Amino acid sequence: MNVVQRYATDAIAPDQRLAYWNDLVDRIYTGTYVNTQGRDFTGEMWSWTVGDLAMIRPRSTASFVGRQGHDAAQERLILHLQCRGRSLHRQGQAESLLEAGDFVIGSPHQAYTLDLSAHELLVVEFPRAPLAERVPGLDDMLSRRLCGASPGGRVFHDFLRSLWHQGDQSGQDPQWQQGVSGVFFDLVALAMRGATRPEERVTDHALRDKVMALVDAHLGDPALRTLTLADACHTSVRTIQNLFATMGTTPSAYILERRLVRAAERITGNPAASITEVAFEMGFNDSAYFARCFRQRFGVAPRAWRTRN
């Protein structure tokens, strides 16, 4: 379809919005589903196919998006570019925290998930072959955070956003569509070349697994920080920082994220525990600070989270 389609939940009854959205995303990208863990959901999406590019531009409140892997006659890839908000992308053993401007390219033939704050994304599914021709070592860059702050990344982002502004004006012209597809593949390749430093392309998986385990085991320790992890692993602070950089985050941001996710689970899983008790249990010394961080992450106060879940 060459016409831009718009979908929104504003005319849908609140209790029917999630079902409507799940039907919609599954029709556009087969095997996709959305959960909101009981939170109110609103969304808006544009869908457009240009040549080889199947594109959507979704905006919604915080949600958890997954996609089941599926077979296809033609091998394809899917790109998620974070325009607003943040997300945690997981595929296989890879995990990438995306901030605004970052992007990740994965395979729609393997299951993946996105844990999203309130957000806007640009998503494009496309054939693998044209990009593989332009990017040597493509497999090493899949399912990992690619920084969009490079000049090439910014040009690529601007191209995608400006493409949507064309809307239906030129969408029926086959030569225009073919040209757009070619420019897309060239600019993705350019953005990817500047998205990672060579030393970030090799991850010490044993060290990463050890650090992740240490974080989860010591979330309740208020003194948990980069130096703690470096000392426990008998390595340098810079090594720990570089390890988290390959994941698109920092030690402190990751620790905070894990504390908040675990706290959200405890708040709903243990109704007898007070919010203050949960905050201290998760390593927060200040319950007011915990409440502010929780609201920023989940969009509601801890007490409201408990009653809504």
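These lines cover the structure that appears in this document, whether it is placed above or below. (Residues numbered from 1 in each chain as written. Predicted model: local features only at pLDDT ≥ 70, side-chain atom pairs only at ≥ 80, totals over all residues. Heavy atoms only, no water.)

### Comments concerning the overall build of the protein chain
Scanning the protein chain from N- to C-terminus turns up 11 helices and 11 strands. Against the 2.2 N^0.38 benchmark of 19 Å for 309 residues, the protein chain shows a C-alpha radius of gyration of 21 Å, consistent with a compact globule. Each principal axis of the C-alpha atoms in the protein chain carries an extent, and together these give about 60 × 50 × 35 Å. The buried share of the protein chain, taken over its 309 residues, is 50%. Within the protein chain, contacts between residues separated by at least 24 positions form 72% of all contacts whose residues are at least 6 apart in sequence. As displayed, the protein chain offers around 14500 Å² of accessible surface, 50% of which is attributable to carbon and sulfur atoms. Positive and negative side-chain charges in the protein chain, numbering 34 and 34 respectively, have mean positions lying 5 Å apart. (Helix = DSSP H or I, 4+ residues; strand = E, 2+ residues; numbered from the N terminus. Rg over C-alpha atoms; globule rule 2.2 N^0.38 Å. Buried < 20%, exposed > 50% of the residue type's maximum accessible area, 1.4 Å probe, protein only. Contact = heavy atoms within 4.5 Å. Areas by Shrake-Rupley, 256 points an atom, 1.4 Å probe, with all protein chains shown as cover. Lys, Arg positive; Asp, Glu negative; His and termini not counted. Charge placed at Lys NZ, Arg CZ, Asp CG, Glu CD.)

### Here we look at helix α4 (residues 174–193)
Its 20 residues place the ends of α4 29 Å apart at the C-alpha level, agreeing with the 28 Å of an ideal helix rising 1.5 Å per residue. Turning to α4, its buried residues are Gln177, Val180, Ser181, Phe184, Phe185, Leu187, Val188, Ala189, Ala191 and Met192. (Expected span 1.5 Å × (residues − 1).)

### Observations regarding the pattern of salt bridges
Scanning the model with the defined rule gives 20 salt bridges in all. Between Glu44 and Arg59 there is a salt bridge, with its nearest N and O atoms 3.8 Å apart. Highlighted residues: Glu44 in strand β3 (residues 43–50) and Arg59 in strand β4 (residues 53–60), separated in sequence by 15 residues. Taking the relative accessible area as the measure of exposure, Arg59 reaches 28% and is therefore partly exposed. (Salt bridge = Lys/Arg side-chain N within 4 Å of Asp/Glu carboxyl O.)

### Section: the sheet that holds strand β1 (residues 5–8)
An order of β1-β3-β4-β11-β6-β9 is seen for the six strands of this open sheet, with the pairing classed as antiparallel. Only two strands of the sheet have a single partner each, and these edge strands are β1 and β9 (103–106). Between one strand axis and the next, the sheet turns through 15° on average, direction left out of account. Each of β1, β3 and β4 touches helix α1 (residues 17–28); the most contacted strand, β3, lies at about 15° to it. (Pairing = 2+ DSSP bridges. Axes fitted to C-alpha atoms, helices over the stretch in contact; angles between N-to-C directions.)

Scope: geometric values only; no functional claims are made or implied.
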